[in-house]
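# Topology and contacts: notes
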Amino acid sequence: MALTTLYLLGLIAAIYVVRFFYTHSHGASSHHNVPGPWTFSISSWRLAYEDLRGRRTRTICQLHAKYGPVVRIGPNEVSFNSPSALRTIYGAGSGFQRTDYYRMFDAYGRQNLFSFASGKDHGERKKLVAHAYSKTVMLRGSVAAMVELKAKQFLELIQAEPEGVSDIFRTLHYYSIDNITGFLYGGSGATSALTGDESHRALLNDMLDPARRRLSWFAVHLPSFTKWLYSRSGRAEVILRHFLPMQKPAMMTGIRQHALAAFHRFKESSQKEKSSEIGSQTIIHRLYKHHQTRKPDGLDDMDIASECADHLLAGIDTTSDTLMFLIWALSLPQNHKFQAKLIQEVASLPESSLNGDGIPFVEAGDKLPYLNAVIKEALRLYTPLPATEPRSLLTPSIIDSFEIPAGMVVGIEPYSLHRNPKVFEDPLRFNPERWLNVPLERLNEMNRWWWAFSSGGRMCIGIHLAMSEMTTLVAAIYRKYQTYIAPGFENVSPGITSRFEMFYDELFDSIEEHECRIKFQPHGRF
Ligand code: HEM
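Residues numbered from 1 in each chain as written. Predicted model: local features only at pLDDT ≥ 70, side-chain atom pairs only at ≥ 80, totals over all residues. Heavy atoms only, no water.

### What about the UniProt feature "binding site: heme" (unreviewed entry) in the protein?
Residues annotated in UniProt with the feature "binding site: heme" (unreviewed entry) correspond here to Cys460. By the element assignment, Cys460 lies in the loop between α24 (440-449) and α25 (463-480). Overall, Cys460 belongs to the partly exposed group, its relative accessible area being 33%. (UniProt positions renumbered as here; feature names shortened; annotations may be inferred. Helix = DSSP H or I, 4+ residues; strand = E, 2+ residues; numbered from the N terminus. Buried < 20%, exposed > 50% of the residue type's maximum accessible area, 1.4 Å probe, protein only.)

In structure tokens, the structure reads:
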């Protein structure tokens, strides 16, 4: 038995040695010269192990610090860390496609904006909704009015919290889910989590379960096995239940069920309801105009349901996690000086910049320089999607003078770009003022490295919605409140989940995942 195991181990080692020499000697191109630890270059399981430990992004960042802006992180994967590589890989018209990694974002078996690989499929779909996400739509009209209403409801929720202490990890999720569902579905699927609907609040439960990190790992590294595991029924299901990476209902089940029900409600609504003022602005309405009953080769029911579910998932954690870190960072005693300047700026808004409820208009928040610097800094240090955005090209290419063979996976992680100490002085410190009153050349350089929303054709489509949600809420909060770390939460960093990893402020030793307790105290200016 022991001999058989030894024999097997020896065989595996021999395969890896042969593979190592094959890949390093057959390098028809110079990708074999890309520096990096040899353990990573011989097997993709080395990086998968980092994924399992929840350390992928930080490990890659350390490898860049050690080996420079180009690092081999797998037999078929290279990580870059430079604005020039950023342009080559992600620039408009670059031809690089999203990899199969993104197929885990398919919904109801259909691809969508997030998961399409080909530029053609993606471009055709994007055309249908791009205008609805434009900045002009966000700044005025029904979408802006909805965001302002949600900001008002958030303040009312805070006001009702015992002793003004709120777990903003949760309450900000209520804010983002109510905004995105209102924007996507209108009356057919808008949630009311802020105003207390428990069934809508419960939709977030499976998203907030830390086991979703383990499930993401299985879905990416063992996709067929994971599909098989979750599709068992009867006795097999009962036995295998104990081995599931995340208990059912698994990740996003609640959200996806809600998204499907919203689609059916929309489909069954009358023509009059469909084209009512507010309804006609929604994403579901725009997509429905291209339903196959109206257009030859148009979208079918599941295409539309999948597209909306995808935007719904993309628009919850991202916005609320950024807002949470922003408020938490401003509440730290060492950052009260920044908070005071922000309060001064939002307090100086004239009456004409406020709606009837005293909430700053979205358009007014958009123009505030200090507020925008605070958001930009929160997105730098606590970007909610910090990990690699993997891409590949069907033909060979040259990136930062390295020849990259066709099909090789290349990527850049915002986390590493945002922590380059040569570009961002004292990079682990939250300092919104680094974006203000700096020489233009320095500002341009920092902007070249700032990459929270991605870039080019696959840049975040929700950027303007996210920005209007953030500017409006932060302006509304600090017009009324000062914020402090709640008693008992001092010296703790909140932690968020992104893919297989947890992210938090690395200057803190103690981490509380999915919790952030903040005290809101009226400053009495208004
Ligand atoms: C602070 C908030 C947000 C941040 C930082 C953010 C960031 C990003 C990033 C980095 C990507 C590219 C991901 C990749 O290629 O791996 C992306 C794509 C996307 N985001 Fe966002 N996002 C935010 C909010 C939103 C919101 C509110 C929506 C609402 C619908 C949204 C919808 C999408 C969609 C649909 C894509 C895919 C776009 C495409 O491939 O054309 N995002 N986002």
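Further notes follow.
### Remarks on helix α20 (residues 336-347)
Here α20 spans 16 Å end to end across twelve residues, near enough to the 16 Å set by a 1.5 Å rise per residue. Of the residues making up α20, those classed as buried are Phe338, Gln339, Leu342, Ile343, Glu345, Val346 and Ala347. Elements that come into contact with the buried residues of α20 comprise α19 (317-331), α22 (369-381), α25 and β9 (481-485). (Expected span 1.5 Å × (residues − 1). Contact = heavy atoms within 4.5 Å.)

### Considerations on the pattern of salt bridges
Two side chains that carry opposite charge are able to pair once their charged atoms sit near each other. With the rule as written, the count across this model stands at 22 salt bridges. Across the pair Lys267 and Asp301 runs a salt bridge whose closest N-O atoms are separated by 2.7 Å. With Lys267 in helix α15 (residues 253-268) and Asp301 in helix α18 (residues 301-314), this pair connects stretches of sequence that are 34 residues apart. Look at Lys267 and you get partly exposed, because its relative accessible area is 33%. In this structure, Arg419 and Glu506 form a salt bridge, with 3.5 Å as the shortest nitrogen-oxygen distance. Of the two residues, Arg419 sits in the loop between α23 (414-417) and α24 while Glu506 sits in the loop between β11 (501-503) and β12 (510-513), which places them 87 residues apart along the sequence. (Salt bridge = Lys/Arg side-chain N within 4 Å of Asp/Glu carboxyl O.)

### Focus: the side chain of His64
One can find His64 in helix α4 (residues 56-67). Residue His64 is classed as buried on the basis of its relative accessible area of 6%. With sequence-adjacent residues up to four places away left out, His64 is seen in contact with Pro69, Val70, Val71, Ser79, Phe80, Asn81 and Ser416.

### Side note on the site of the ligand
In the neighbourhood of the ligand, 29 residues make up the surrounding shell, with Arg98, Tyr102, His122, Arg391 and Cys460 lying closest. Between the ligand and His122 there is a distance of 2.6 Å, counted from an oxygen atom to a side-chain nitrogen or oxygen. Among the secondary structure elements, those contributing two or more residues to the shell around the ligand are α18, α19 and α25. Take the shell around the ligand: its biggest share by element is three residues, from α19. Of the residues in the shell around the ligand, the class split is 16 nonpolar, eight polar and five charged. (Near = heavy atom within 4 Å. Polar contact = N/O pair within 3.5 Å; in protein donor to acceptor, adjacent residues only side chain to side chain. Nonpolar A, V, L, I, M, F, W, Y, C, P; charged D, E, K, R; others polar.)

### Focus: empty space enclosed by the protein
According to the stated counting rule, one finds two cavities of 30 Å³ or more in the structure shown. In this structure, the largest cavity spans a volume of roughly 80 Å³. Lining the largest cavity, in full, are Phe325, Leu381, Tyr382, Thr383, Pro386, Tyr415, Arg419, Ile496, Phe503, Tyr504 and Glu506. A breakdown of the residues in the lining of the largest cavity according to their chemical character gives eight nonpolar, one polar and two charged. The computed volume of the second largest cavity comes to approximately 40 Å³. What lines the second largest cavity is simply Leu381, Tyr382, Arg419, Leu428, Tyr504, Asp505, Glu506 and Leu507. Each residue belonging to the lining of the second largest cavity can be placed in one class, and the counts come to five nonpolar, no polar and three charged. (1 Å grid on protein atoms, 1.4 Å probe; cavity = no way out; pocket = protein on both sides within 12 Å on 5 of 7 lines; lining within 4 Å. Points joined across faces, edges and corners; volume = space filled by probe spheres on them.)

### Quick look at the sheet that holds β12
Strand pairing in a sheet relies on backbone hydrogen bonds, with the paired strands running either antiparallel or parallel. Sheet architecture is open: three strands sit in the order β11-β10-β12, paired in mixed fashion. Whereas interior strands pair on both sides, the edge strands pair on one side only; in this sheet they are β11 and β12. Recorded for the sheet is a direction-independent mean angle of 40° between the axes of neighbouring strands. As judged from the four bridges shared by strand β10 (residues 492-498) and β12, these two strands associate in the parallel manner. Directly across from Val492, in β12, lies its bridge partner Ser510. Against the sheet, α19 makes contact with β10 and β11, and its axis sits at roughly 170° relative to β10, the strand it touches most. (Pairing = 2+ DSSP bridges. Axes fitted to C-alpha atoms, helices over the stretch in contact; angles between N-to-C directions.)

### Description of the nonpolar core
Judged by nonpolar contacts, the single largest core of 130 residues is most densely connected at Phe80, Phe183 and Trp328. The greatest single-element share of this core, amounting to eleven residues, is contributed by α25. Listed in part, the eight residues of the second largest apolar core include Ala211, Leu215, Leu240 and Ala250. (Core = buried A, V, L, I, M, F, W, Y, C linked by side-chain atoms within 4.5 Å.)

### Comments concerning the pairing of strand β8 (residues 409-412)
Burial along β8 is two-sided: the residues Val409 and Gly411 and Val410 and Ile412 are all buried. Note that strand β2 (residues 77-80) and β8 share four bridges and pair parallel. Paired with Val78 across the strands is Val410, a residue of β8.

### Some points on the pairing of strand β1 (residues 70-74)
With respect to burial, β1 is a largely interior element, five of its five residues being buried. Here β1 folds back onto β2 in antiparallel fashion, the turn holding two residues.

### Focus: the side chain of Asn179
Its location among the elements puts Asn179 in helix α9 (residues 168-185). Dropping the residues within four chain positions of it, Asn179 is found in contact with Met146, Val147, Lys150 and Glu469.

### Things to note about the sheet that holds β9
Taken together, the three strands give an open sheet; going across it, the order is β4-β13-β9, and neighbouring strands pair in antiparallel fashion. Every interior strand has two partners, whereas the edge strands, β4 (165-167) and β9, have only one. Shown here is a sheet whose adjacent strand axes are inclined to one another by a mean of 35°, direction ignored. Relative to strand β13 (residues 517-522), β9 runs antiparallel, the two sharing five bridges. Within β13, the residue paired with Thr483 across the bridge is Phe520.

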